[in-house]
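What follows is the residue order along each chain.
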Amino acid sequence: MSEYRLAENPALNVLAGMGYQPLSPEAALAMRQEENRVILKPVLIEALEALNGIGLDDAEAIYNDLATLSDNEDWQRKLRGGYSRRLAGKNRDQPIALVDFKVPSNNRFHVVRQFRVAAQRPRVADIVLFVNGIPLVVLEAKSPLKATAKAGEAFEQIKQYERDIPRLFASNAFNIVTDGLVTLYGATGASSSFYAPWPDAWPRTHSEFADDLAKDLWCLAEPSRLLDLLAHFIVFETDPETGRKMKKVCRYQQFRAVNKAVQRVAEGVNRKGLVWHTQGSGKSLTMVFLALKLKTHLTLDAPTLANPNILVLTDRIDLDSQISSTFAACGLPNPKQAGSVAELREAVARGGNGQILLSTIFKFAGSRDPIPNSQNWIVLVDECHRTQEKDLGAYLQATLPDARFFGFTGTPIKSTDKDTYARFSIEGEGYLDKYGIDDAVRDGATVPILYEGRKTDWAINEAEIDILFDRWFVDLPDDKREQLKRKGLTLATIAKHPERVGLIALDIWEHFKQVCAPDGFKAQIVAVDREAVILYRAALASVIAADLVKGGMDEDAARAKADAMIACVYSKSQEDNKPSEAPDVAALRTDLERHYLDDAAEKEAKKAFKAFGQEPSFLIVCDKLLTGFDAPIEAVMYLDKPLKEHGLLQAIARTNRTCSLKRPDGIEIAKPHGRIVDYIGVTSHLDEALQSYRSEDVENALRDIAILRNDLKEAHARYRSQKRAMGLEGMDEKAAAYAVGKLVTAGREDEWFDFQRLARNFIRVYGDLSPDPAILDFTNEVKWAAAFLRLATQVIAKDESLDHRHYTGKIRDMLEAHVHATGLSTTIRLRSITDPNFADDFATEEKTDAELQEAFVRKSAELRRVTRELVDKNPAQYGRFSERVLEIIRRFEEGQIAAAEGLHEFENLTGGINAEQGAHAELGMDERAFSILRIMEARAPDTGHGTLQNAAIAIGAIYAGAQASQPAFTFMPQYLRSLRQQVRRILSEHGIGETKAIREAVEEFAVHAYVGGH
């Protein structure tokens, strides 16, 4: 009941206070008419009649249309007004409004708790929010006392609902999970890594709310805000490389910035604004949301928003194409690229107002003639500080003298750059909206960037180039040294010394093996120039190949693998194919030609670099890909080029994107931070490199890795303090796990949750800092803590601990080795039911009470996992086994049975599972057809077994045929309907009743079991 008392009931009270009318589950069911439907029919009918001035028959027909609509994007379009239908007595289609966006009070808002949806796997959602009878938000509440993973269980539940009762999510805008203290939201279908908080209640303040839950629910679900989110802040973006479509809901800083800008346009007083949203926080999408709201403005009317032209300007061709593809991928109306100012004029003359046009700022160079009616233009300028170059801002102003200008930047504007502030800011305002580096890291929108300087003798101080030259080139013949000096000593001369490059290449490989390779993350190397790119490529390939040979690989295979791991990206030069009498120059030019990637090859290399498990693992660059290149998988940048100001800020941000990688074994690893490994000495003069910015804007652009060393000491101290308080000092992992089990039984559950949290944090910080030598003092304690957590979770929850799955690969390997070395592997490792040793625990003779209890705990965890996986395949077939496992555990915990008796019952249960898994073979049936038989047996118990078996085989054949001929049939509504009719015919031919219930249950099973090709 704590979930209801601490999370669900407070949420219901807040929602009711905001204007949602509570409906009991029974009242809602009466409106739905059947438990497998999700729309509140009378509410929708009434809203359709009122909003559209139509009669009951037309409203009923529209309801029937919507009741069968299963595509979320199609629902989104229709909710926003993209729905028309031919009404009775009319000879053409007319628009149908499902929602009144401009007057929220004209809509009907309901909230229903414990919303049960019937399906083959029925599910009960905690809270569902409805607008005009249409379910738009699902809220899952969890008790804050279950602090194991805060909302982790809630995420699992939401994913389960989306899979098992998809009808509830067809019209869904987004989901919310809350434990009453922390509230997160995410788009339909999003993984837990994309769920986020909404910390800023703009335009209100935090102090106006009773607590965080009230603030969070107001931000996300207050009726007018929910309608604004629905109307303007949800897009479906297609990844141009994978073709995969992803639904995205705005973040709070995007909502805030867009509404500030739209408000400014609507008021018509001030005609500009400057927005700094730090790199990696979704600036391109902010521009999409702004264009969408300026274009459609469903929730407000203003003369200035009547039909404006929106011009989006970028500072580079590749960014122009990136923004353009983002706009197009998000389905924004008619974005067109204009290659010149002349094309802009022509587009307006030809198409009139109301267009969205995309171009680059450089197209305006030299343009002085004003475009007519420029007051009807809204210009969004990306990387707006670039307008100061070559008077581009003046040309832009001359071409569009009366336009509204909104400047966007991913890096802060320099304090010395008065012109950008003057062009885009109201006097005294600075930024219209600011979302800085610290904001993004705090919210988890980006990861922090850590820097570490390597080998100070490799760093290069430009003021000491002569001294360094003499030191590094002492072995050269005098004439060669003089020749180099006559050419002019530069930093690049020193940086490219072969010995220096070779040593750094070796260091890069050793660092990469420990930091990136175990989990599949990748790295970029930034060299001083194109020649250095080639030198690094050769040195690194040689180092990698030698290491692979040492590990036992054949030399040719090692060289091929090393080559595949590296790609170089640089621009071509006319010098590259010129002959030279100097052998070293000729060789260099040959390599520059050999490793150059043309546009198509570069595109392929970047695509492969971004993909988990594909090569290359390294991109070596000098100028290209330092800005505008987003590869979340990039975790480290090895920096050997002096960078300053915007160049430095933009380059290092290549590593700040969040990323979770799912390994083949199902383990998901989140990138904890980006790393800059500095060989040139930039970070030792960080203040100097960033001196032209306000210090508060860049103070945490990079964090010294030394900070993590302090974090580790602090995390360890807190963990040890709790360990002492619980009396666990001096115990081995197994004894401590059982001791904590007794504490939990005695009502001290909160102490266990606190210790879990502190131990996890200690292990996480240790992993983040590795391979820094500072971790060595804590290694033994980390091993103890990790093994203890896994054991204690089995003892207390009788479940498999997933703690170890979230550790990085290098940490996980270390922990597994420790578990085996200490002999804990038999206690911790959970075996599959097919493992020959699975039955060892069932031999109870000659075991001590402690050994019996340990065996019972292990079997509980193993069988919970086994039955959970089987129930996922077919609840009708395996549900009873899962319930039986939980029942045996409950009786043991309540003292009704001893461990030996429980093990005996588990042995019988295991026999039943094995028999069930082999039953299909005994009947000569396909496993999936047998699952269909089990579904039918539960719903038609009076029908003869032979009849049901024949029908199940026939139905299985239909779905198997569909899988073979139409692998994507689960996404084809018409095709599914035809399969339903075939199933109905088979049931009818076999004289089986309850056909509707059987058809629905079989289809729910089939769309999961018969997926994809063979």
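Note: the structure precedes this text.
Residues numbered from 1 in each chain as written. Predicted model: local features only at pLDDT ≥ 70, side-chain atom pairs only at ≥ 80, totals over all residues. Heavy atoms only, no water.

A.B. asks: Quick rundown of the sheet that holds strand β21 (residues 618-621)? Include the residues and the values.
C.D. replies: Strand order across the open sheet formed by seven strands is β20-β21-β19-β22-β25-β18-β26, with parallel pairing between neighbours. For this open sheet the edge positions go to β20 (566-569) and β26 (703-704), each flanked by a neighbour on one side alone. Two strands pair when backbone bridges link them, and strand β18 (residues 449-453) and strand β25 (residues 674-678) are joined in this way by five bridges, in the parallel orientation. Paired with Leu-450 across the two strands is Arg-675, which belongs to β25. Strands in contact with helix α23 (residues 599-610) are β19 (522-526), β20, β21 and β22 (634-639); relative to β19, the strand with the most contacts, it is inclined by about 135°. (Pairing = 2+ DSSP bridges. Helix = DSSP H or I, 4+ residues; strand = E, 2+ residues; numbered from the N terminus. Contact = heavy atoms within 4.5 Å. Axes fitted to C-alpha atoms, helices over the stretch in contact; angles between N-to-C directions.)

A.B. asks: With reference to specific residues and values, describe the packing of helix α38 (residues 973-989) against helix α39 (residues 995-1009).
C.D. replies: Packing of α38 against α39 brings their axes to within 10 Å, and their N-to-C directions diverge by 130°. It follows from the interaxial angle that α38 and α39 lie oblique. In this structure, α38 crosses over α39, and the sense of that crossing is right-handed. Counted together, Leu-976, Arg-980, Val-983, Arg-984 and Leu-987 of α38 and Thr-995, Ile-998, Arg-999, Glu-1003 and Val-1007 of α39 form the full contact between these two elements. Considering only residue class, the contact of α38 with α39 consists of five nonpolar, one polar and four charged. (Parallel < 35°, antiparallel > 145°, perpendicular 65-115°, else oblique. Left-handed = near helix turned anticlockwise from the far one by under 90°. Nonpolar A, V, L, I, M, F, W, Y, C, P; charged D, E, K, R; others polar.)

A.B. asks: Any chance you could break down the pattern of salt bridges for me, citing the residues and the numbers?
C.D. replies: As enumerated under the stated definition, the model contains 66 salt bridges in all. With a shortest N-O distance of 2.6 Å, Arg-980 and Glu-1003 are connected by a salt bridge. Here Arg-980, found in helix α38, pairs with Glu-1003, found in helix α39; they are 23 residues apart in sequence, far enough to count as distant. Under the relative-accessibility criterion, Arg-980 is labelled partly exposed at 29%. For Glu-989, the salt bridge identified is with Arg-985, shortest N-O distance 3.8 Å. One end of the pair, Glu-989, and the other, Arg-985, are both in helix α38, four residues apart, so they sit about a helical turn from each other. (Salt bridge = Lys/Arg side-chain N within 4 Å of Asp/Glu carboxyl O. Buried < 20%, exposed > 50% of the residue type's maximum accessible area, 1.4 Å probe, protein only.)

A.B. asks: Please set out the sheet that holds strand β8 (residues 183-187) residue by residue, giving values where relevant.
C.D. replies: Here we have six strands laid out as an open sheet, ordered β1-β4-β5-β6-β7-β8, and mixed in their pairing. Pairing within the sheet leaves two strands with one partner each, and these edge strands are β1 (21-23) and β8. Within the sheet, the average angular offset between the axes of one strand and its neighbour, ignoring direction, is 25°. Pairing analysis gives eight bridges linking strand β4 (residues 109-117) to strand β5 (residues 123-131), with the strands arranged antiparallel. By the bridge assignment, Val-112 is partnered in β5 with Val-128.

A.B. asks: Could you give an account of unusual backbone geometry, with specific residues and numbers?
C.D. replies: Along the chain, Trp-202 connects to Pro-203 via a cis peptide bond; the corresponding omega equals 5°. With respect to the helices and strands, the residue Pro-203 is situated in the loop between β8 and α7 (212-221). Of note, the bond from Glu-615 into Pro-616 is cis; its omega dihedral lies within 30 degrees of zero at 15°. With respect to the helices and strands, Pro-616 occurs in the loop between α23 and β21. At Asn-132, a position not held by glycine, the phi torsion is positive, near 55°. Within the secondary structure, Asn-132 sits in the loop between β5 and β6 (134-141). With a relative accessible area of 0%, Asn-132 lands in the buried category. Located in the positive-phi region is His-297, a residue other than glycine, with phi close to 30°. Classification of His-297 by relative accessible area gives buried; the value is 10%.

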